[in-house]
Amino acid sequence: MEADVVIASTAKIDYIEANFDTDSINPDVVTPVPSKRIVKPSFLMKSPFLNEFGSSSGCIMPKPTIGSVCLCPFDGNCNLFSDVTKQDIVRKWLAEGNSKSSRKKIYDSKTDILRPRFCLGVGNIDSKSWFYNLFHIGHPIAYSHVDILLYYLRKKIKNGRAVNNRCTTTDNYFDRRIQAIYALYLKKQDTSLVSSKNTAAEYIYGGHMRCNTKWADVDDVLFPINCGKDWHWILARLNFKERCIYVYNSLRSVRSDSSAIEIVNCYSVLLPLFLEDVKFFESRDDIDTTSGPYEGKSITDPFRIEIVQNLPIQTDTDCGVHMFAAAEFFVDGKVMGQDFSAEEHRARYASSLYFYGRWKYESSVLSENEAPLKIKRVAS
């Protein structure tokens, strides 16, 4: 079974794992500051080129902070973590120790190690190369880049800094699960593979990843999708009311569109089955499943697929940045025009995460209570 398709008019693999110990998500909880802390030099007082953040630099020692904060590195109303000056600082830092003579390694092993690690929500980054690959055009971004970027996009939504705040995202684990389940589904045609007990269903309930939101409380879900054969990133957006999956692809050709549709078809076929099994539509009084886009359709029929046109086309190995930028533009209620610059957005993303991570460490700030919900399974 395949979905209807419409053309709309408009390296190295790494994995992120984290242990979560709390029981629920509370978007109103803000970042607590520990009552006792080891006083360290403010990151504004120290050289950004240091790989070791020691406490013997002789810099001015800040007073312990009292209170709480709730900040996101991609908050458009805040220049604390990213402006042109900060981007230049990070650019110079990344140039320090660059092994230009080596095509395989950006830095030698000693220069590449960051101590302490950068604690960025769903991942701990201890490699300078990680920032280099995100900052510089033409370098493919890894799973960890995508998961961390999308985590902070969800955090931005929960903090009330988004225009389209009735949306959420998934992550790379969800994408791998959906593609794996679909491969088995095609072989066995066994609907028992799609169950509320499946890990993928936990995302629908608002669990399994940090800063998630129940799909019953949103209108759109954004999916990062990796077309593994080509190592190409695309974005898919499911709109429940329009019963449609919109595909954002930074490559435009018959072959590229065909490949994207083939992958997105996994979502088009399986998601209606998951939604039916978790009784999703029973909690959506705002969706009439007998009229409009749902008229004449079964609840389990595949979602319609539309390929979004008039998007900027990538000119280098920047599909991952295009994918995330499409998600960010949608959340911000903006149109991604032909003047989009992957180079500018790479610099903004990398410098924002760098200075945000430094600020968290130097301020001894802890993350909010953003652990995923623990789903209570009911025996059938």
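What you are looking at is a predicted structure, and each value in this text was computed from that prediction instead of being measured.

Concerning unusual backbone geometry
The step from Arg115 to Pro116 runs through a cis peptide bond, and the omega angle for that step is 0°. Within the element layout of this structure, Pro116 appears in strand β4 (residues 113–120). Of note in this structure, Arg243 is not a glycine but carries a positive phi near 50°. Assignment of secondary structure puts Arg243 in the loop between β8 (232–239) and β9 (244–248). Residue Arg243 is classed as buried on the basis of its relative accessible area of 3%. With phi around 60°, Lys279 is a residue other than glycine that occupies positive phi space. Locating Lys279 in the fold gives a position in the loop between α7 (254–277) and β10 (304–307).

Considerations on the pairing of β8
Across the 8 residues of β8, 8 count as buried, placing the element largely inside the fold. Between strand β7 (residues 220–227) and β8, which pair antiparallel in sequence order, lie 4 residues; one of them, Trp231, sits at a positive phi of approximately 45°. Bridge analysis of β8 against β9 gives 5 bridges, and the strand direction is antiparallel. Paired with Arg237 across the bridge in β9 is Tyr246. Between the end of β8 and the start of β9, which pair antiparallel, lie 4 residues, with Arg243 showing a positive phi angle near 50°.

Digging into the pattern of salt bridges
Pairs can form between side chains of opposite charge whenever their charged atoms are close. With the rule as written, the count across this model stands at 16 salt bridges. Connected via shared salt-bridge partners are Arg166, Asp219, Lys241, Arg284 and Asp286.

Quick look at the nonpolar core
Grouped together as the largest cluster of nonpolar side chains are 62 residues, with contacts concentrated most on Leu120, Phe131, Tyr152 and Leu353. Residue assignment for this core shows that the elements contributing at least two residues are α1 (84–95), β4, α3 (128–135), α4 (143–158), β8, β9, α8 (319–331) and α9 (342–362). Residue contributions to this core peak at 10 residues, all from α8. For Phe131, the contacting residues outside a window of four places in its chain are Trp93, Leu94, Leu114, Phe118, Leu120, Ile125, Ala350, Leu353 and Tyr354. Ala201, Val218, Phe274 and Ile287 belong to the second largest nonpolar core, which has 43 residues in total.

Examining α4
With 16 residues, α4 should cover 22 Å at 1.5 Å per step; its first-to-last C-alpha distance of 23 Å lies within 8% of that length. Gly160 sits one or two positions beyond α4 and adopts a positive phi of about 75°.

Points about the environment of Arg91
Its location among the elements puts Arg91 in helix α1. Sequence separation between Arg91 and Ala350 is 259 residues; the distance between their C-alpha atoms is 9.5 Å. Polar contacts involving the side chain of Arg91 include one to the side chain of Asp88, which spans 2.6 Å.

As for the packing of aromatic side chains
The final tally for this structure, using the stated rule, is 30 aromatic pairs. Aromatic side chains Phe281 and Tyr294 sit 5.6 Å apart centroid to centroid with 80° between the ring planes, which places their arrangement in the edge-to-face category. Taken together, the residues Phe281 in the loop between α7 and β10 and Tyr294 in the loop between α7 and β10 connect sequence positions 13 residues apart. By the burial criterion, Phe281 is buried, and Tyr294 matches it. Here the aromatic cluster, defined as three or more aromatic residues joined through ring pairs, consists of Phe174, Tyr203, Trp215, Phe223, Phe240, Tyr267, Phe280, Phe281 and Tyr294. One Lys or Arg, Lys86, reaches over the ring of Phe355 and ends 6.0 Å from the middle of that ring. Sitting over the ring of Tyr143, Arg176 keeps its end group 5.3 Å from the ring centre.

What about the packing of α1 against α3?
For the pair α1 and α3, interaxial distance at closest approach is 10 Å and the crossing angle is 125°. Accordingly, the angle class assigned to the pair α1 and α3 is oblique. The hand of the α1/α3 crossing is left-handed. Here Gln87, Val90, Arg91, Trp93 and Leu94 of α1 lie close against α3, whose contacting residues are Lys128, Phe131, Tyr132 and Phe135. Per-class residue counts for the contact of α1 with α3 are 6 nonpolar, 1 polar and 2 charged.

Examining α3
Most of α3 sits inside the fold, with 8 of its 8 residues counted as buried. Inspection of α3 places Lys128, Ser129, Trp130, Phe131, Tyr132, Asn133, Leu134 and Phe135 among the buried residues, and these make up the whole buried set. Two or three places before Ser129, at the start of α3, stands the capping residue Ser127, its side-chain oxygen 3.2 Å from that residue's backbone nitrogen.

Considering the side chain of Asp220
With respect to the helices, strands and loops of the structure, Asp220 is situated in strand β7. Polar side-chain contacts of Asp220 include one of 2.8 Å to the side chain of Arg237. The contacts of Asp220, once residues within four sequence positions are left out, are Arg166, Cys167, Thr168, Arg237, Leu238, Asn239 and Phe330.

Re the environment of Thr300
One can find Thr300 in the loop between α7 and β10. Along the chain, Thr300 and Val269 lie 31 residues apart, while their C-alpha atoms are 8.0 Å from each other. When sequence neighbours within four positions are dropped, the list of residues in contact with Thr300 reads Pro272, Leu273 and Glu276.

Here we look at the confidence of the model for the protein chain
Taken as a whole, the protein chain shows an average pLDDT of 82; of its residues, 77% reach a score of 70 or greater. Counting contacts from residues 9–50, a segment whose pLDDT is below 50, to residues more than four positions away or on other chains yields 111 contacts.

Reading guide: rules and limits
Residues numbered from 1 in each chain as written. Predicted model: local features only at pLDDT ≥ 70, side-chain atom pairs only at ≥ 80, totals over all residues. Heavy atoms only, no water. Helix = DSSP H or I, 4+ residues; strand = E, 2+ residues; numbered from the N terminus. Buried < 20%, exposed > 50% of the residue type's maximum accessible area, 1.4 Å probe, protein only. Pairing = 2+ DSSP bridges. Salt bridge = Lys/Arg side-chain N within 4 Å of Asp/Glu carboxyl O. Core = buried A, V, L, I, M, F, W, Y, C linked by side-chain atoms within 4.5 Å. Contact = heavy atoms within 4.5 Å. Expected span 1.5 Å × (residues − 1). Polar contact = N/O pair within 3.5 Å; in protein donor to acceptor, adjacent residues only side chain to side chain. Phe/Tyr/Trp six-rings, centres within 6.5 Å; stacked < 30°, edge-to-face > 60°. Lys NZ or Arg CZ within 6 Å of the ring centre and 35° of its normal. Axes fitted to C-alpha atoms, helices over the stretch in contact; angles between N-to-C directions. Parallel < 35°, antiparallel > 145°, perpendicular 65-115°, else oblique. Left-handed = near helix turned anticlockwise from the far one by under 90°. Nonpolar A, V, L, I, M, F, W, Y, C, P; charged D, E, K, R; others polar. pLDDT = per-residue confidence, 0-100.

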